[in-house]
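# Summary of structural features
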Amino acid sequence: MSSIHASFRSARPQQLAEALLHARAHTLALFDCAAAAGLDAAIRVPQLRSLNPPLWELGRTAWFAEWFVLREAASSHPADAEANALLSKGDDWFDANTVPHGARWNLDLPGAGALKTYCHEVLDRVLDRLSRCGGSDAELYPYRLALAHEDMQGEAMLSALQTLGLAVPPGVARDEPSWPQQSEIGFPGGTLQMGSADDGGFVFDNELQAHACRVAPFRMDAALVSNAQFADFVEDGGYQRRQFWSAAGNAWLMRQERSAPCYWQREGGGGSGRVWRTMRFGHLCTLAGPEPVRHISLYEAQAYCAWAERRLPTEAEWEYAALSGHAAFSWGQLWEWTSTPFEAYPGFQPGPWREYSAPHFAASQVLRGASFATPSRLGSAKFRNFQLPGTDHVFAGLRTCAW
């Protein structure tokens, strides 16, 4: 495996250096897509909860690496940095703890050229320090954390380009895998070691502590629900038949005034001559039936399952299936909603990036897997993604289980 694709969790200094260079090139390419459309200026960026101004995202990414690597911060607490900032107002601009989301449109940020220079300066210094770093997990932790942060921000930036209807250059997003055949797999269940042990390599705080979990026998789809399958739900009045929706889902649906998934458009004549089209990075294209349905909220996933007389997998069932090694179980095309609320594992303690997990417990829902936009080095069957239930801007879909 190429060093830039090897898991960041156990990456050695040279692998980390190459991956950090790769991640920064990706960040800059995505920023340039937004800048080409004039969205390097915050005033021209829609103020949506799912977005940050691209210029702020660019500076924040470099600032985060500076904070944990160059300034040797023990945590993300504003008082925990040891060294001074490269930018006199860097903390005032880019510390997400002290800069509320809505305020990010009104900051007196430097221009794109100056922030790109800052990005290059931070990366050069990070790589220089990394070249002289020892090889222990403790010494490599801040570099692995900075890489993971930039990779996650890169996927968020790509999602923002989709939201904004902007095209991306070929090769910016990882090629999607082929679409697997629809089938069902029976799993015998057993005891699963959930989470990760803090015994080497990088571990996110929400993956700790490792603990035994009993999983009952279950049956799960081998593949994600497809566009064609979800279209059957839509055509059967799924968005109008409120019995399939939870109380929260019904409230969300009323606010959305939606009768199909985000970005879907119906075209053509009546009956069988009508086809579904979708907006994909600013281009209108015909939906491919076998392709996994994407940009689905938890509420839509739950309603589909109720209509199909199925259910979402629990987080433990998903991890069990992913670790089973079953040849037919395919994951990595899209993030997958589970039926499990995002909560702390027993013995949870916040990590150095203190606000990564803890503020989101209870309100968010767990997604598992990865998407075509997730760098392969970030992918892991242990990774716990999480989003608010109404989120539909991320690259998320679903698979179902039997009752």
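Residues numbered from 1 in each chain as written. Predicted model: local features only at pLDDT ≥ 70, side-chain atom pairs only at ≥ 80, totals over all residues. Heavy atoms only, no water.

### Overview of the state of the cysteines
Under the defined criterion, the tally for this structure stands at 0 disulfides. The thiol of C213 is unpaired, and the distance to the nearest cysteine sulfur, on C401, comes to 14 Å. Judged by its relative accessible area of 22%, C213 is partly exposed. (Disulfide = S-S within 2.5 Å. Buried < 20%, exposed > 50% of the residue type's maximum accessible area, 1.4 Å probe, protein only.)

### A short note on the sheet that holds strand 7 (residues 283–286)
Judged by pairing direction, the sheet is antiparallel, and its 3 strands sit side by side in the order 5-6-7 without closing on themselves. Looking at which strands have only one partner, the edges of the open sheet turn out to be strand 5 (264–267) and strand 7. Between one strand axis and the next, the sheet turns through 35° on average, direction left out of account. Across 4 bridges, the pairing between strand 6 (residues 275–280) and strand 7 is antiparallel. Each bridged residue has a counterpart across the sheet, and for M279 the counterpart in strand 7 is L284. (Pairing = 2+ DSSP bridges. Helix = DSSP H or I, 4+ residues; strand = E, 2+ residues; numbered from the N terminus. Axes fitted to C-alpha atoms, helices over the stretch in contact; angles between N-to-C directions.)

### Things to note about the layout of surface pockets
There is about 1,700 Å³ of room inside the largest pocket. Lining the largest pocket are 48 residues, and of these R49, S50, H360, Q387 and H393 lie nearest its centre. Broken down by secondary-structure element, the contributors of at least two residues to the lining of the largest pocket are helix 2 (54–70), helix 5 (137–164), helix 7 (247–256) and strand 10 (385–387). Of the residues forming the lining of the largest pocket, the biggest block, 8 residues, is contributed by helix 5. Here the lining of the largest pocket is composed, by residue class, of 23 nonpolar, 17 polar and 8 charged. (1 Å grid on protein atoms, 1.4 Å probe; cavity = no way out; pocket = protein on both sides within 12 Å on 5 of 7 lines; lining within 4 Å. Points joined across faces, edges and corners; volume = space filled by probe spheres on them. Nonpolar A, V, L, I, M, F, W, Y, C, P; charged D, E, K, R; others polar.)

### Some words on empty space enclosed by the protein
Scanning the model with the defined rule gives 5 cavities of 30 Å³ or more in all. Taken together, L30, F31, A34, N52, P54, E57, M157, A160 and L161 form the lining of the largest cavity. Broken down by class, the residue content of the lining of the largest cavity amounts to 7 nonpolar, 1 polar and 1 charged.

### Remarks on helix 9 (residues 315–323)
Within helix 9, 8 of the 9 residues are buried, which leaves the element mostly enclosed by the surrounding structure. Three or more residues of helix 9 are buried, namely E315, A316, E317, W318, E319, Y320, A321 and A322. On its buried face, helix 9 sits against strand 1 (184–187), strand 2 (190–194), strand 3 (211–215), strand 4 (218–221), strand 8 (335–341) and strand 9 (365–369). (Contact = heavy atoms within 4.5 Å.)

### Topic: the environment of A396
As for its placement among the helices and strands, A396 is situated in strand 11 (residues 396–397). A396 sits in the buried class, given a relative accessible area of 0%. It is 5.3 Å that separates the C-alpha atoms of A396 and R294, two residues lying 102 residues apart in sequence. Ignoring anything within four residues of it in the chain, the contact list for A396 reads V293, R294, H295, I296, L334, W335, W337 and L367.

### Notes on helix 4 (residues 112–131)
Along an α-helix, a turn takes 3.6 residues, which lines up residues three or four apart on a common side. Given a rise of 1.5 Å per residue, 20 residues ought to cover 28 Å, and the 28 Å separating the end C-alpha atoms of helix 4 matches this to within 8%. Looking at the buried residues of helix 4, the elements they touch are helix 1 (13–36), helix 2, helix 3 (90–94) and helix 5. (Expected span 1.5 Å × (residues − 1).)

### Here's the deal with the side chain of S75
Considering the arrangement of structural elements, one finds S75 in the loop between helix 2 and helix 3. S75 sits in the buried class, given a relative accessible area of 9%. Engagement of the side chain of S75 in a polar contact is seen with the backbone nitrogen of H77, the distance being 3.0 Å. A polar contact of 2.5 Å, which involves the side chain of S75, links it to the side chain of D80. (Polar contact = N/O pair within 3.5 Å; in protein donor to acceptor, adjacent residues only side chain to side chain.)

### Focus: the pattern of salt bridges
Taken as a whole and judged by the stated rule, the model has 27 salt bridges. A salt bridge links R24 to E150, with the nearest nitrogen and oxygen atoms 2.8 Å apart. Of the two residues, R24 is situated in helix 1 and E150 in helix 5; the sequence distance between them amounts to 126 residues. (Salt bridge = Lys/Arg side-chain N within 4 Å of Asp/Glu carboxyl O.)

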